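The lines below spell out each chain.
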Amino acid sequence: MYLSVYLPLLFSAVFGLAAPVLARRLPPHVATWLLSVGGLLSAAASSASLALLAFLFLAQNPVLMARGHWSENFLRGHAEYAVPVGALATVAVGLFAARFVRAAARRVTAVRDAYRLAAALPVSGGELAVLDAADRQAFAVPGRPGRIVVTTGLLRSLDAGQRRALLAHERAHLARRHHLHQSVVAVAASVNPLLGQLPAALELSCERWADEDAARVCQRATVADALTLAATGTPLTAPAVVLAAAGGDVATRVVALYAPAPKLVVWRVTLLSVLLAATAVAVALALHDTERLFELAQSAYRTGKR
Amino acid sequence: MSRRRASGGLESEVLATLWAAEKPLTAGDVVDALGRGLAYTTVQTILARLHVKGAVHREQVGRAHAYTPVLDEAGLAANRMRAMLDRGGDHAAVLTRFLGTLTPDEEATLANLLARQRPAGGGG
């Protein structure tokens, strides 16, 4: 177990580093699912590893040893890992648990506020709500039903085909429930700093997915044109503060749209799936070994008493 | 279900066209503006539906109706949305923007791309 308990941490580091590349290279719907499901799995596995290390550390406390009827000598002799690692893991578990609660609460509040906003928007225009404002902005507001908000400034700077591309893009965000993928990844990253690049990578893959969906109802170049027109006309000084939080890469998207639709590279996906499966196996092994260790410690305790 | 979604999409397109126009449009004008061979009656039906819902205002121009979008009481919702964006973090992230994030570097990259993609004469 002494290796398998560390493997999920190593694997999540690899996954976290690969995330930005995945978001750029894979077909965006594949990348999005792989990033959110893989991120969830990675975060769960690394949390389980830390929890195990913390448990092994805490179990060597004399009070707990006596309560669990574990043989002190046996545990000390067989839990072959450095005590500082256990202490560190214990601190990390506490810290990440707090971060998890905070991140989850923030997400729930944000999604609830978005649902309220979607319900508060005027219904006369159906899915579309137009804001009479000069800046060029477009949003998908998740809700029941989700809504699309576009400013008149943006609508007036696009032609009919580009407006169609814009609406199809925003509709794709809602239909594909991208906010759920984003929420999963935000929470996953909160419990594992090694996954820190995941949210930005996922934002890019979601945007690319919506671009590809839009490219189904019009030319790829039309989507790219709508994007560049909207982008170069945006006054960046004020909204930059707001925009700095996330990290979608408009230039990458435009380049992707000028290239043919992305094809699935099987070996990349296979490699990652193997990595994720190995993570799950490593956790299972570590859990199994720990259970066995404590069983043995108990029987050693009974033998010692006799 | 998919039929309803499709017609809902067309409704948004027609409404977006009226907003972009900055002057009243007749059903014929909208057909021309959309420029993708939609039937006149289809557009007329959508405009009538938007009128019933109160999304557009119409006036008689000769023998046809000319339509203008109604500026509804979106003010409150707009303030709410700006507030959500100003909070940043998760609140801003939940509202997926068309543009995502733009850094000054990206702006420069885009300007270059545009210059390359649209040499004199254009057409991409």
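### Remarks on the overall build of chain A
The helix and strand inventory of chain A stands at 13 helices and three strands. Compactness check: chain A gives a C-alpha radius of gyration of 25 Å against a globular reference of 19 Å for 306 residues, more than 25% above the reference. The dimensions of chain A, computed from C-alpha atoms along their principal axes, are 85 × 40 × 30 Å. Split into buried and exposed, the 306 residues of chain A put 48% on the buried side. In chain A, the share of contacts with a sequence separation of at least 24, taken over all contacts with a separation of at least 6, comes to 77%.

### Some points on helix H5 (residues 83-120) of chain A
Compared with an ideal rise of 1.5 Å per residue, which puts 38 residues at 56 Å, H5 of chain A spans 55 Å between its outermost C-alpha atoms and is within 8% of the ideal. Gly 86, Ala 89, Val 93, Phe 96, Ala 103, Arg 107, Ala 110, Asp 113, Ala 114, Leu 117 and Ala 118 of chain A are the residues of H5 of chain A that are buried.

### A short note on the confidence of the model for chain A
Residue and element names in this part refer to chain A. Mean pLDDT over chain A works out to 85, with 91% of the residues at or above the 70 mark. Mean pLDDT values over the elements of chain A span from 30, in helix H11 (residues 239-243), up to 95, in helix H8 (residues 178-191). Note that residues 234-248 has pLDDT below 50 and, in this model, 31 contacts with residues that lie over four places away or in other chains.

### Structural notes on the environment of Asn 61 of chain A
In this fold, Asn 61 of chain A is placed in the loop between helix H2 (28-58) and helix H3 (62-68). Taking the C-alpha atoms as reference points, Asn 61 of chain A and Glu 72 of chain A, eleven residues apart in sequence, are found 9.2 Å from one another.

### Re the sheet that holds strand S3 (residues 64-69) of chain B
Residues and elements named next belong to chain B. One open sheet holds the three strands; their spatial order is S1-S3-S2, and the pairing between them is antiparallel. Of all the strands in the sheet, the pair left with one neighbour each is strand S1 (25-26) and strand S2 (56-61). For S2 and S3, the ladder comprises six bridges, and the chain directions are antiparallel. If you follow His 57 over to S3, its bridge partner there is Thr 68.

Quick notes on the rules
Residues numbered from 1 in each chain as written. Chains lettered and ligands numbered in written order. Predicted model: local features only at pLDDT ≥ 70, side-chain atom pairs only at ≥ 80, totals over all residues. Helix = DSSP H or I, 4+ residues; strand = E, 2+ residues; numbered from the N terminus. Rg over C-alpha atoms; globule rule 2.2 N^0.38 Å. Buried ≥ 20, exposed ≤ 12 C-beta atoms within 10 Å, placed from the backbone. Contact = placed C-beta atoms within 7 Å. Expected span 1.5 Å × (residues − 1). pLDDT = per-residue confidence, 0-100. Pairing = 2+ DSSP bridges.

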